[in-house]
Each structure stands twice: as C-alpha cells, then as structure tokens.
Amino acid sequence: MKKKRLIAVLLTAAMAAGLVAGCGSKGGEEKAKTDDKGGGSGKVYYLNFKPEQADQWVDLAKQYTDETGVQVDVQTAASGTYESQLKSEMAKDEAPTLFQVNGPVGLATWKDYCYDLADSDVYKDVQSDDYVLKEGDEVKGIAYVIETYGIIYNKALLNKYFELPDAEVKSIDDLNSFDALKKVADGIQAHKDDLGVEGAFTSAGMDSSSDWRFKTHLANLPIYYEYKDEGITSTDAIKGTYLDNYKNIWDLYITDSTCEPNLISSKTGDDAASEFALGEAVFYQNGTWAYNDIKDNEVADEDLGMLPIYIGAKGEEDQGLCTGSENYWCVNKNASEEDIQATLDFMKWVVESDAGREALSTEMGFVTPFTTFDDYLPSNPLVEANDEYTKAGKTPVSWNFTTMPSENWKNNVGSALLEYAQGTGEWDAVKTAFVDGWAEEYKAANE
Amino acid sequence: MEKAIKKYFPVFVLPTLIAFTIGFIAPFLLGIYLSFCKFTTVTDGTFVGLKNYVKILDDPTFLHSMWYTALFTVASVLLINVLAFAVALLLTKGIKGTNIFRTVFFMPNLIGGIVLGYIWQLLLNGILAKFERTLTYSSVYGFWGLVILMCWQQVGYMMIIYISGIQNIPGELIEAAKIDGASPRQILKSVTIPMVMPSITICTFLTLTNGFKLFDQNLALTNGAPSKMSELLALNIYNTFYGRTGYEGVGQAKAVVFFIIVGVIAVLQNKLTRSKEVQQ
C-alpha cells in the first residue's frame with residue numbers, strides 16, 4: 001500500500017516537473033539575455049531560405065567573423081522545409097536573429113516576430129519601398145534579392161530549329177506570343193530526332209523539388225493578368241479569367257516534353273535541370289537562380305537566353321520576364337538587444353562592404369534592390385537577358401504568387417495539375433482548386 | 001529485501017522517470033494544451049477553446065485519411081504477421097544456414113524509414129515505368145507500395161519475436177501430440193499457435209500501432225499524392241500543421257484525436273489477444 005502511495009507521489013511530482021519544464025524555457029531565455037549583456041557583444045544566427053547559396057553564405061559568415069570577431073551562424077533549410085524549420089527554430093532559446101519571409105502572406109504568420117527596420121542602415125540603402133514589406137509605418141521585411149524567371153532556352157538548339165526548311169517561326173524576334181511558342185515547340189517536338197533532343201520542354205516534374213515551378217510560378221501569370229484587368233494587387237476571391245490560358249501553356253509543357261505526361265510525378269527538379277544542361281531539351285521554365293545548376297555543362301553561357309512565359313493574353317508582345325522577390329529579410333524582435341544590433345551590423349556589412357557586395361553579386365549571382373550595388377552586377381547571362389527586355393521597353397510581370405492564400409492552395413492546385421496531366425483527373429478540378437480553393441483558403445487563413 | 005528495494009527505489013527509478021518526463025510527459029501535456037490554442041511557435045499560444053476541434057469536422061481530408069489508414073493497418077497487420085509467422089516456422093525447423101537467413105531477414109529493420117521510402121520509390125517507379133505509370137498515379141499504387149515496403153521492413157523483426165515464442169514451446173508437448181497421432185496441421189493449430197499467443201499479442205500490438213503511426217515511409221514514398229489520396233493520418237496532421245497560416249492548432253487538435261483513436265484501439269487489441277493466451 002505504501003509503495004503505491006510512493007509511486008503516486010512520484011508520478012504527480014513528475015507531472016508537475018513536466019509543467020515546470022514546459023514553462024521553463026521562457027525563464028531560460030531571459031537568463032540567456034542577461035548573460036549576453038554581461039558579455040557585451042551579440043551574435044547572429046541566420047536561417048537562410050535559399051539552398052542554392054547555402055555554402056556561399058557560410059563562407060561569407062566566416063569571413064565576417066574573421067574580420068570582426070562576431071559570431072555568425074548560418075543554417076539553411078532543405079528545399080521546401082523552410083516554414084517548418086523556422087517554426088521549430090523560433091521556439092528555441094537560441095532562435096534565429098535573422099530570418100526570411102516570402103511576402104505578404106508569409107509576413108502574416110511572422111509579423112509579431114519582426115523588428116521594425118525603419119531606422120536600419122539597410123533600409124536606407126534600398127532603392128524604393130517596392131522592395132520592402134510594410135505594416136503601417138513599420139518596415140517589417142526588406143528584400144535582398146530580385147529574381148527573374150521565364151522560359152530559359154538554348155540559343156544554339158533554337159537556331160538549329162529556325163534553319164529547318166519547314167520551320168514556321170524563323171527568328172527569335174518573331175517568337176513573341178503563345179501561338180509562336182506553340183508552333184516552335186510543336187515543330188521541335190516533331191523534329192526531335194533531327195535536332196538531337198528528347199523534347200522541346202524539359203520534363204514538367206511534379207516531385208516536390210520541382211512542382212513549385214508550375215503550381216506557384218506558372219500560376220502567377222493567370223493571376224497577374226487578372227489583377228491587371230481588375231486593377232488590384234491582391235484579392236480574397238479570384239475569378240480565374242485566364243485559366244484557359246493556364247491550361248494551354250500547361251498542355252504545351254506536358255505534351256511537347258522529354259517524357260510522357262503520366263510519368264511526371266516522379267520527375268525531380270534535378271531531372272529537368274540536367275535535361276536542359278545536357279542539351280536534351282530546348283526550353284526550361286525556371287529563373288535566374290538556376291544558372292548555378294546549369295552552367296559549365298553542354299550549354300555554353302552565350303547560348304543561354306530567357307523568354308517571357310507567353311500564355312496567349314492580349315498585348316503579350318510587350319510582356320517581359322517575371323521579376324520580383326520572395327526573399328525578405330526580417331530581424332527577430334524577441335532576440336536580445338545585443339543580438340539585434342549584431343544582426344543589423346551584419347546586414348549592413350553584407351550590403352555595404354566590398355566583401356559582402358562581392359559575395360552577393362559575383363558568388364551568389366544576386367541582383368539586389370540596394371543602391372550600394374551599382375558597380376556590382378552579377379555575371380549571369382540570365383540576368384543580362386532580363387536587362388535586355390527591360391531596355392527594350394517590355395513590361396516586367398510582377399510576382400503576385402506571394403499573395404496566394406496558403407501553402408494548401410498551392411498544393412491543391414499542384415495535385416489537380418498532376419491528375420489532369422496523367423489523365424486521372426479533369427481540368428475542372430484545377431479550376432475548382434484554383435477559384436473555389438482560393439476563396440476557401442483565404443477565408444480559412446484570415447478568420 | 002523489501003526494505004532495500006524501498007530504500008533504493010528513487011535511485012533506480014528517478015533517472016528514467018526524469019528522462020521520461022522531459023521526453024514524453026511534458027511535451028504530451030504541452031501538446032494537449034496547445035490543441036486548445038492558436039499559435040505560431042510552441043511557446044506563444046493564446047487560448048481559443050474548442051475552435052480547433054470544430055475545424056477538424058470541416059475537413060474532409062481527415063476522414064479520408066482515417067479510412068485509408070484503417071485499411072492500410074488491416075492489410076499490413078495481416079500480411080506482416082502471417083509472413084513473419086511462416087518464416088519463423090521455417091527457420092525453426094533446423095534448415096541449414098538458419099542463422100544467415102535470420103540475419104538477412106532482420107536487416108531491413110535497421111534502415112531508417114525515409115531512406116527506405118526513397119529506395120522503394122525508385123524500385124517501384126522503375127517497375128511501374130514499364131507500364132507508363134508511377135506510384136502516385138493513383139492511391140491504389142501508393143497503398144500497395146506502402147504495404148510491400150512495410151512488410152519488407154517489419155517481417156524480420158516480428159519473425160525474431162515469433163522464433164523466440166516457438167522455441168519456448170516445451171518439446172514434450174509436441175512429442176505428446178505426435179504420439180497421440182496428431183497431424184502437423186493439428187499440431188500447428190492446437191499446440192503451436194496457442195502456445196505462441198503471447199508473441200502474437202506483442203506482434204499484433206507492434207504492427208497495429210506502427211501501421212497507424214506510419215509517417216516517414218509515407219512522406220518519402222508518395223507524400224500523399226495524388227491529391228492527398230494516399231495521405232495517412234500522421235502525414236495529414238503534419239500537412240495541416242504547416243499548410244495554412246493559423247492552422248497549427250488544428251493540426252495539434254488532430255494529433256490529440258489521433259492519440260485517442262490509437263490508444264483505444266491498442267487497448268482493445270491487447271484485451272482481445274490477451275484473453276486467448278494460455279497458462280503453461
């Protein structure tokens with residue numbers, strides 16, 4: 001009997017201890033803070049979103065530590081796991097002092113954690129407020145890279161097609177609409193053996209390493225044109241006016257491709273990149289960031305070009321590439337003062353010092369929205385392609401996918417696209433996921 | 001003796017108890033509390049009452065996952081146990097090379113779920129590609145893919161438990177049955193199976209809960225595709241948690257419901273098979 005009582009007491013104690021442990025983390029945090037005050041200098045912990053540049057960030061952080069003695073840790077989340085990693089890291093005592101959100105919808109989750117950057121040096125260096133996320137007067141996030149995507153193409157292969165006797169389009173200048181793109185793609189597909197390719201487009205992989213190219217980036221175009229027609233920048237209910245165009249371009253991607261449409265669910269981002277890099281396909285929808293993956297292979301730098309994604313909308317001859325940012329720096333408000341200061345200093349160093357600018361522009365290949373970077377332009381042929389379009393007076397397509405209501409919406413559209421492609425679903429399912437799903441997800445995320 | 005046990009009781013129990021508390025009880029209680037909260041990270045919850053539980057009812061994917069998981073569990077429990085028992089019977093007959101076979105069958109269990117998932121994804125997609133299909137073509141492929149994977153991984157482990165059960169049967173029982181003229185089939189039905197009932201209890205318990213809680217393999221093999229049709233409960237909870245802003249609490253509430261379901265089923269199963277065990 002006594003033993004039983006002892007067990008009971010111990011169990012109760014254990015449970016109580018559990019509660020204490022549960023609440024204990026807060027106390028620990030405060031203690032860590034005071035310790036830091038005693039030490040004097042803060043430290044930086046950057047949770048980086050872009051796996052393409054993981055190593056470069058670590059090198060840059062090391063360089064900063066060697067120069068100033070301030071500790072900078074850089075962690076990079078694996079592709080597609082940033083939000084989950086951020087959520088668990090932010091709950092720790094040693095939370096990231098510098099993290100990223102992807103735009104207005106991402107900011108909604110994290111706004112209570114964002115330090116006001118209005119007085120920061122980095123904010124003073126930004127070209128315009130187009131590149132910051134604001135809430136009222138508070139600057140919550142600052143974009144540090146502007147990126148561009150479109151249809152990357154292989155100039156050598158495309159010229160080979162133009163020289164074919166029955167080519168319907170004869171020069172790149174005529175390739176300025178969806179109809180022309182379709183003619184070219186169909187032509188390449190029909191002559192794939194003559195041209196020595198596997199298909200016109202790289203495989204439209206719907207593996208999670210690649211599906212964002214379609215459920216997010218490609219879906220931006222119908223949203224962009226609808227917003228443009230309506231004169232809005234975000235909405236709680238999308239109409240789907242341009243969904244037929246979305247269908248046309250998706251059909252093109254999956255038919256004139258290197259693989260059968262019912263195999264795309266197993267194709268990865270690496271598959272598509274290697275198909276393009278080895279000259280097996282002519283077109284590859286991706287962005288400036290893909291340059292690191294495709295350079296130094298079969299395709300020479302001077303053969304790399306980028307086309308706007310034409311979907312057959314009115315006035316698309318003047319359409320440029322899709323340019324914007326989904327990488328906004330945010331500073332963790334809950335970090336200690338020293339750490340916040342150290343983080344702000346680090347950010348300033350990155351955008352103002354020679355070493356930082358060199359690393360961002362040359363090594364990482366970023367175009368940045370900062371005024372300090374005028375002499376530091378990356379040597380990325382895809383970025384140059386964008387400059388040409390801008391110079392030619394084409395209107396860049398803005399990144400409206402940052403207003404997509406939730407991850408769930410993207411996933412549902414992606415699943416419907418896949419089912420349509422492999423023939424197990426109808427296009428109507430994509431419409432439902434796109435239009436009805438938008439309203440549902442918007443409501444669910446904003447109630 | 002009794003006194004000594006009492007005296008040293010805390011010394012032996014406390015370390016484990018503390019570890020258990022930190023690693024299990026505390027997160028468990030925190031988890032239950034969070035299921036009534038709206039939160040972004042686990043340290044900043046605000047209480048919202050039963051709202052999260054109400055939202056589960058609006059979610060058709062949860063119900064689908066529940067049925068899909070139940071079916072998967074039934075299929076995997078049956079197949080794994082039948083196969084494991086059959087292999088165990090074979091490997092207690094004294095065939096040459098028994099030890100090598102036992103080791104080989106046990107090995108898959110040493111590989112982690114994510115790795116296994118990707119390996120089997122490659123294997124199965126490689127075979128299905130001949131028919132111009134992939135694993136995520138329909139949830140049926142995903143279902144049987146998962147079943148095959150789980151059998152491959154778990155049969156060896158359950159086999160070990162069954163082998164020890166079979167080896168514990170006293171030789172005189174079998175001998176007596178033989179003298180009485182029982183056929184091998186009768187021996188299996190009336191002697192072997194009743195005598196290994198404790199092993200069956202353990203193995204069904206393990207496969208049942210493993211089936212319900214399956215996550216890594218599901219994530220790596222199909223990730224719920226197509227259209228969340230091959231999403232097991234654990235993955236559904238995970239996707240709810242990260243799918244929408246403000247739905248962390250709903251995911252947590254689903255996890256609590258999930259715990260209750262698994263708990264109830266495990267207790268029922270335990271009672272059922274226990275009642276069939278015989279005293280030696």
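Right, let's walk through the structure included here. (Residues numbered from 1 in each chain as written. Chains lettered and ligands numbered in written order. Predicted model: local features only at pLDDT ≥ 70, side-chain atom pairs only at ≥ 80, totals over all residues.)

With that settled, the discussion passes to the overall build of chain B. Within chain B, the secondary structure is distributed over twelve helices and two strands. Secondary structure elements of chain B, listed N to C terminal, follow the sequence α-β-β-α-α-α-α-α-α-α-α-α-α-α. Judged by the C-alpha coordinates and their principal axes, chain B covers about 70 × 70 × 30 Å. Evaluated residue by residue, chain B yields a buried proportion of 34% over its 280 residues. For chain B, the share of sequence-separated contacts (at least 6 apart) that also reach a separation of at least 24 residues comes to 73%. (Helix = DSSP H or I, 4+ residues; strand = E, 2+ residues; numbered from the N terminus. Buried ≥ 20, exposed ≤ 12 C-beta atoms within 10 Å, placed from the backbone. Contact = placed C-beta atoms within 7 Å.)

Counting residues at the interface gives 30 residues for chain B, matched by 38 residues for chain A. For the side of chain B that touches chain A, the elements supplying multiple residues, two or more each, are helix H1 (2-34) and helix H11 (233-243) of chain B. Top element by residues in the side of chain B that touches chain A is H1 of chain B. It accounts for eight residues. Here the residues of the side of chain B that touches chain A are counted per class, giving 13 nonpolar, 13 polar and four charged. (Nonpolar A, V, L, I, M, F, W, Y, C, P; charged D, E, K, R; others polar.)

All names here are of chain A. For the pair helix H2 (residues 54-68) and helix H15 (residues 354-363), interaxial distance at closest approach is 11 Å and the crossing angle is 170°. The angle between H2 and H15 falls in the class roughly antiparallel. Each of Gln56, Leu60 and Gln63 in H2 lies in contact with H15, whose residues at this interface are Ala355, Gly356, Ala359 and Glu363. In the contact of H2 with H15, the residues fall into three nonpolar, three polar and one charged. (Axes fitted to C-alpha atoms, helices over the stretch in contact; angles between N-to-C directions. Parallel < 35°, antiparallel > 145°, perpendicular 65-115°, else oblique.)

The next thing to look at is helix H16 (residues 381-391) of chain A. Residue and element names in this part refer to chain A. Listed as buried for H16 are Leu382, Val383, Asn386 and Tyr389. Seen along its axis, H16 keeps its buried residues to an arc of 115°; they face one direction. Turned more than 90 degrees away from the buried face of H16, the exposed residues are Asp387 and Lys391. Elements in contact with the buried residues of H16: strand S6 (147-154), helix H13 (291-294), strand S9 (304-307) and strand S10 (319-324). Two residues or fewer after H16 comes Gly393, characterised by a positive phi angle close to 80°. (Arc of directions from axis to C-beta.)

The backbone of Asp296 of chain A sits at a positive phi, close to 60°, despite the residue not being glycine. Of note, Asp296 of chain A is situated in the loop between H13 and S9. Phi is positive for Asn223 of chain B, close to 50°, though the residue is something other than glycine. Tracing the chain through its elements places Asn223 of chain B in the loop between helix H10 (216-221) and H11. Take Asn223 of chain B: there are 20 C-beta atoms within 10 Å of it, and that puts it in the buried class.

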